[in-house]
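# Coordinates in review
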Amino acid sequence: MSLSITSECINCWACAPVCPSTAILVSPEGLFSIGATACTECDGAHADPQCASICPVEGAILDAAGAPINPPGSLTGIPPEKLQAAREEIAAR
Amino acid sequence: MELPILNREQTPAGGCSKSACGTTTDQMTHLPEAIREKVHNHPCYSEEAHHHYARMHVAVAPACNIQCHYCNRKYDCANESRPGVVSELLSPTQAAKKVLAVASQIPQMTVLGVAGPGDPLANPERTFETFEEIAAKAPDIKLCLSTNGLNLPDNVDRIAALNVDHVTITINCVDPEVGAEIYPWIFWNNRRIRGAKGAKILIRQQQKGLEMLVERGILVKVNSVMIPGVNDAHLKEVSKIVKQKGAFLHNVMPLIAEAEHGTFYGVMGQRSPTASDLQALQDDCSGDMNMMRHCRQCRADAVGLLGEDRGQEFTMDKIEHMEIDFEAAMVKRKQVHDGIEAMRAERKTAQETAQETAPEAILPQGCRPALLAVASKGSGLVNEHFGHAREFLIYEASPAEVRFMGARKVPAYCTGAMECGDGETALDVILDTLSDCEGVISAKVGIDPWAQLEAAGIQPYGEYAMEPIEDAVRAVYGEMIKSGRLESTDAMISQAG
Ligand code: SF4
Ligand code: SF4
Ligand code: SF4
């Protein structure tokens, strides 16, 4: 049972200090990942997985089944279609 | 450091009657002596000091515990002093090394701030370790930090123990309903808490932190981001409350929101305030409160005088190769600081004598005030070419006083042959940015921009190179009166609101 970090991660460090199991790993290049054996999904320590509760980036943390815990739009409040439209508009400039 | 109390009764009829007015040099006049002493050399808090002293920020604190709608954690935050996670993150030891390197190369550097890239108090160990190292090695450097306030109450004692004498809290609201429009969530007590509920906790922590700092005699500045239609009307209330609780400065900054920043406000098309919206709100908020108008919203790794950033000279790579004789540097620092103080004192005496010998009766009372833009690269002098200016300092001149209104950033008109092709558009932006000014004072102006400035009704003045800014502004205002430019009273007054 373990959560995982995707390439959406922006290496902001927020998750590392709040993990009760010291399961967040930082590579020498500063890339973040979760140690699969160390991660307890915060079971017994907290009601919610801590890393996923502080992470500011949608889609950066996946649950054990591989689904994003914070899906698009859930943290920023920006509707995904709006973000897409803004991206296209900027790309077209 | 005696800062003479300005004689407010001198303010003539028709002049500004707000108690926040003094000359710019003396915006701090009504503060208690102890506070004036603390801010005298602080570029961010003393408008006059900011011409002479430099500050630096070190990016040691990456994590954040809240989300603001004007921030995208991935990129440089345009609103708060935050360089974004991609910029160079330093360990406390590296940060200390960088500070000592800068302290010896730029002896005018008197202030070290930790402002991010996340929230310093969401990374308390990294932040405090950095401060401890600096306090031990370079005790002449003042320490300050900026925070969103969420973890402030828990850290106040540590802040006090480390002699951090300035704290900035970003307070955008005191009403959770307004807060819900600014902060989508906070991380608190091991949970993500959304909406008004989260905002309510954040507001409570900010206010409690503010009170606790004031109790301990630590200077508190409050920053607010002005978001039209969200908190603009509400900020007067914020200003009143934080002032009552003892904040010594309130700094209202304009929201910066562009779609390419990927922030909620940027993508959703939230508009930013115009320069005159901002000025009107700052005037409304001022009352007895010191409003800070020279803030540049600098990055969390900025180095140098306000308005300049020499960060690129001090990347970790370069610092590794620098030889630093810190003892010699401390001696040099002392000399430079003494020199600056001597110059400031001299200039002050000169100004006072000038005021005594040339009574202000020379200026006909009752003339309307005028806004003038100045190009300066520091030391309080008119010493920047129009074409090189990255920002203009805006002054309001009236028969009674010369008042600093703020700095406005512009793209440099000409940054050398390479980019001169962009000159046209850059000049348009400058003309637009300065559209409410009646004159621009710089060390030099080219023929082309001169003509265009004149055509736009902004008179260029090039004959005050190397003069102290306030003297130049006063002289230009005198010229304007003489030439009869200020005779129509209505136009400007309605604009100055
Ligand atoms: S789920 Fe909990 S234990 Fe697992 S990495 Fe996240 S914070 Fe650590
Ligand atoms: S909090 Fe999220 S974005 Fe930040 S380092 Fe952890 S996984 Fe990456
Ligand atoms: S507190 Fe600062 S770093 Fe955190 S979300 Fe707000 S602006 Fe960004």
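Bear in mind the structure is a predicted one, so any value in this text is a computation, not a measurement.

### Observations regarding the overall build of chain A
Summing up its helical and strand segments, chain A has three helices and four strands in all. What you see in chain A, going N to C, is helices and strands ordered as β-α-β-β-α-β-α. Across its three principal directions, the C-alpha atoms of chain A cover 50 × 30 × 20 Å. Out of the 93 residues in chain A, the part that is buried amounts to 35%. For chain A, the proportion of contacts with a sequence separation of at least 24, taken over those separated by at least 6, is 44%.

### Comments concerning the site of ligand 1
By nearness alone, 14 residues border ligand 1, and Cys 19, Ser 21, Cys 39, Cys 42 and Cys 51 of chain A come closest of all. By residue class, the composition of the shell around ligand 1 is 10 nonpolar, three polar and one charged.

### Some remarks on the sheet that holds strand β11 (residues 370–374) of chain B
What holds strands together in a sheet is hydrogen bonding between their backbones, with the strands either parallel or antiparallel. All names here are of chain B. Spatially, five strands are ordered β13-β12-β11-β14-β15 in an open sheet, and the strand pairing comes out mixed. The two strands at the open ends of the sheet, each matched to only one other strand, are β13 (402–409) and β15 (459–461). Within the sheet, the average angular offset between the axes of one strand and its neighbour, ignoring direction, is 25°. Across three bridges, the pairing between strand β14 (residues 439–441) and β15 is parallel. Following the sheet pairing, Val 440 is matched in β15 by Pro 460. Contacting β14 and β15, helix α13 (residues 447–455) runs over the sheet at an angle of about 140° to β15. Where helix α14 (residues 469–482) meets the sheet, its contacts fall on β11, β12 (391–397), β13, β14 and β15, and the angle it forms with β11 comes to roughly 135°.

### A word on unusual backbone geometry
Phi is positive for Cys 42 of chain A, which is not a glycine, with a value near 65°. The phi torsion at Asn 189 of chain B lies on the positive side, around 50°, for a residue other than glycine. Considering the arrangement of structural elements, one finds Asn 189 of chain B in the loop between β6 (185–188) and β7 (191–194).

### Description of the nonpolar core
Across soluble globular proteins, nonpolar side chains have a tendency to be buried as a group. Within the largest apolar cluster, 53 residues are counted, with the highest numbers of intra-cluster contacts made by Val 58, Leu 112, Phe 131, Ile 159 and Leu 213 of chain B. The element best represented in this core is helix α2 (residues 92–105) of chain B, accounting for seven residues. Contacts of Leu 213 of chain B, omitting those with residues within four sequence positions, involve Leu 152, Val 156, Ile 159, Val 167, Ile 169, Ile 218 and Val 220 of chain B. Judged by nonpolar contacts, the second largest core, of 27 residues, contains Ile 78 of chain A together with Cys 64, Tyr 183 and Leu 202 of chain B.

### Quick word on the site of ligand 2
Residues in close proximity to ligand 2 total 13 residues, the closest being Cys 9, Cys 12, Trp 13, Cys 15 and Cys 55 of chain A. Classifying every residue of the shell around ligand 2 by side-chain character gives 12 nonpolar, one polar and no charged.

### A look at the packing of α2 of chain B against helix α3 (residues 124–137) of chain B
All names here are of chain B. Two elements in contact, α2 and α3, have axes separated by 9 Å at closest approach and are oriented at 40°. In terms of orientation, α2 lies oblique with respect to α3. The hand of the α2/α3 crossing is right-handed. Here α2 contributes Pro 92, Thr 93, Ala 95, Ala 96, Val 99 and Leu 100 to the contact with α3, which in turn contributes Arg 126, Glu 129, Thr 130, Glu 133, Ile 134 and Lys 137. In terms of residue class, the contact of α2 with α3 is built from six nonpolar, two polar and four charged.

### Some words on α14 of chain B
Residues and elements named next belong to chain B. Helix length check: α14 (14 residues) gives 20 Å between terminal C-alpha atoms against 20 Å at 1.5 Å per residue, within 8%. Inspection of α14 places Ile 469, Glu 470, Ala 472, Val 473, Val 476, Tyr 477, Gly 478, Met 480 and Ile 481 among the buried residues, and these make up the whole buried set. Backbone geometry just downstream of α14 places Gly 484 in the positive-phi region, at approximately 80°.

### Some remarks on the pattern of salt bridges
Residues and elements named next belong to chain B. With the rule as written, the count across this model stands at 15 salt bridges over all chains. Between Glu 211 and Lys 245 there is a salt bridge; the shortest N-O distance is 2.9 Å. Taken as a pair, Glu 211 in helix α6 (residues 195–215) and Lys 245 in the loop between α7 (235–244) and β9 (249–254) lie far apart in primary sequence, 34 residues in all. On the basis of relative accessibility, which here comes to 27%, the residue Lys 245 falls in the partly exposed class.

### Examining the environment of Asp 63 of chain A
Residue and element names in this part refer to chain A. For Asp 63, the location among the structural elements is in the loop between β4 (61–62) and α3 (80–92). Judged by its relative accessible area of 27%, Asp 63 is partly exposed. Excluding anything up to four places from it in sequence, Asp 63 contacts Ser 2, Leu 3 and Ile 69. A polar contact is formed between the side chain of Asp 63 and the backbone nitrogen of Ala 65, at a distance of 3.0 Å.

### Observations regarding the interface of chain A and chain B
Taken together, the contact pairs 27 residues of chain A with 24 residues of chain B. Buried area between chain A and chain B, summed over both chains or domains, comes out near 2,100 Å², and the portion from carbon and sulfur atoms is 61%. Counting the contacts that link chain A with chain B gives one salt bridge. Put simply, the parts of the chain that give the side of chain A that touches chain B at least two residues each are α2 (50–54) and α3 of chain A. When the residues that make up the side of chain A that touches chain B are grouped by side-chain class, the tally is 16 nonpolar, eight polar and three charged.

### Quick notes on the side chain of His 250 of chain B
Counting through the fold element by element, His 250 of chain B comes out in strand β9. Here the side chain of His 250 of chain B touches Ser 239 of chain B through a polar contact of 2.9 Å, side chain to side chain.

### A closer look at the packing of aromatic side chains
In total, this model carries three aromatic pairs over all chains according to the counting rule given. Plain terms: the ring middles of Trp 13 of chain A and Phe 32 of chain A are 5.4 Å apart, the flat faces sit at 85° to each other, and that makes the pair edge-to-face. Remark: Phe 32 of chain A occurs in strand β3 (residues 32–34) and Trp 13 of chain A occurs in the loop between β1 (4–5) and α1 (15–18); sequence separation between them is 19 residues. You can call Phe 32 of chain A buried: its relative accessible area is 8%. Aromatic side chains Phe 264 of chain B and Tyr 265 of chain B sit 5.8 Å apart centroid to centroid with 65° between the ring planes, which places their arrangement in the edge-to-face category. Accessibility assignment for this pair places Phe 264 of chain B and Tyr 265 of chain B in one class, buried. We note Arg 126 of chain B situated over the ring of Trp 13 of chain A; from NZ or CZ to the ring centre the distance is 5.4 Å.

### Comments concerning the pairing of β12 of chain B
Residue and element names in this part refer to chain B. Of all seven residues in β12, seven are buried; the element is thus mostly enclosed. Residues Glu 391, Leu 393, Tyr 395 and Ala 397 point to one face of β12 and Phe 392, Ile 394 and Glu 396 to the other, with burial holding for every one of them. Across five bridges, β11 lies against β12 in antiparallel orientation. In the sheet register, Leu 372 faces β12, and the bridge partner there is Tyr 395. The sheet contact formed by β12 and β13 spans seven bridges and is antiparallel. Within the sheet, the bridge partner assigned to Leu 393 lies in β13 and is Ala 407. Counting the residues in the hairpin turn of β12 and β13 gives four residues.

So, how was this worked out
- Sequence order sets the numbering: in each chain, residues are counted from 1 along the sequence as written.
- Lettering for chains starts from A, numbering for ligands starts from 1, and both go in the order in which the items are written.
- A pLDDT threshold of at least 70 governs which residues receive local features in this predicted model, and a stricter bar of 80 or more applies before side-chain atom pairs are shown or counted, although totals over entire chains, interfaces and linings include all residues.
- To obtain the side-chain values, all non-hydrogen atoms of the structure were included, while hydrogens and water were left out.
- Starting at the N terminus, helices and strands are each numbered in turn, a helix being any DSSP run of H or I of at least four residues and a strand any DSSP run of E of at least two.
- Relative accessible area decides the class of each residue, using a 1.4 Å probe on protein chains only: under 20% of the type maximum gives buried, over 50% gives exposed, and in between gives partly exposed.
- Note on definitions: a residue-residue contact is assigned when non-hydrogen atoms from the two residues lie within 4.5 Å.
- Only a single heavy atom is needed: when it lies within 4 Å of a molecule or strand, its residue is near that molecule or strand.
- The residue classification treats Ala, Val, Leu, Ile, Met, Phe, Trp, Tyr, Cys and Pro as nonpolar and Asp, Glu, Lys and Arg as charged. All others, Gly included, are polar.
- Strand pairing is defined by DSSP finding a minimum of two bridges between the two strands.
- To obtain an axis, a line is fitted to C-alpha atoms, over the contacting stretch when the element is a helix, and the angle between two such axes runs from 0 to 180 degrees between their N-to-C directions.
- The term nonpolar core refers to a set of buried residues drawn from Ala, Val, Leu, Ile, Met, Phe, Trp, Tyr and Cys, joined through side-chain atoms within 4.5 Å.
- Angles below 35 degrees are treated as roughly parallel, those above 145 as roughly antiparallel, those between 65 and 115 as roughly perpendicular, and all remaining angles as oblique.
- Left-handed describes a crossing whose near helix is turned anticlockwise from the far helix by less than a right angle; the clockwise case is right-handed.
- The span you would expect from a helix comes to 1.5 Å times its residue count less one.
- For this document, the term salt bridge refers to a Lys or Arg side-chain nitrogen within 4 Å of an Asp or Glu carboxyl oxygen.
- N or O atoms closer than or at 3.5 Å make up a polar contact, with two conditions inside protein: a donor-capable atom paired with an acceptor-capable one, and, for residues adjacent in sequence, both atoms drawn from side chains.
- Buried surface area refers to the total accessible area, computed with a probe of radius 1.4 Å, that the two partners give up upon joining, counted for both partners together.
- Two aromatic rings from Phe, Tyr or Trp, using only the six-membered ring of Trp, form a pair when their centres are within 6.5 Å; if the ring planes differ by under 30 degrees the pair is stacked, by over 60 it is edge-to-face, and anything between is tilted.
- Charge over a ring is defined by NZ of Lys or CZ of Arg lying within 6 Å of the ring centre and within 35 degrees of the ring normal.

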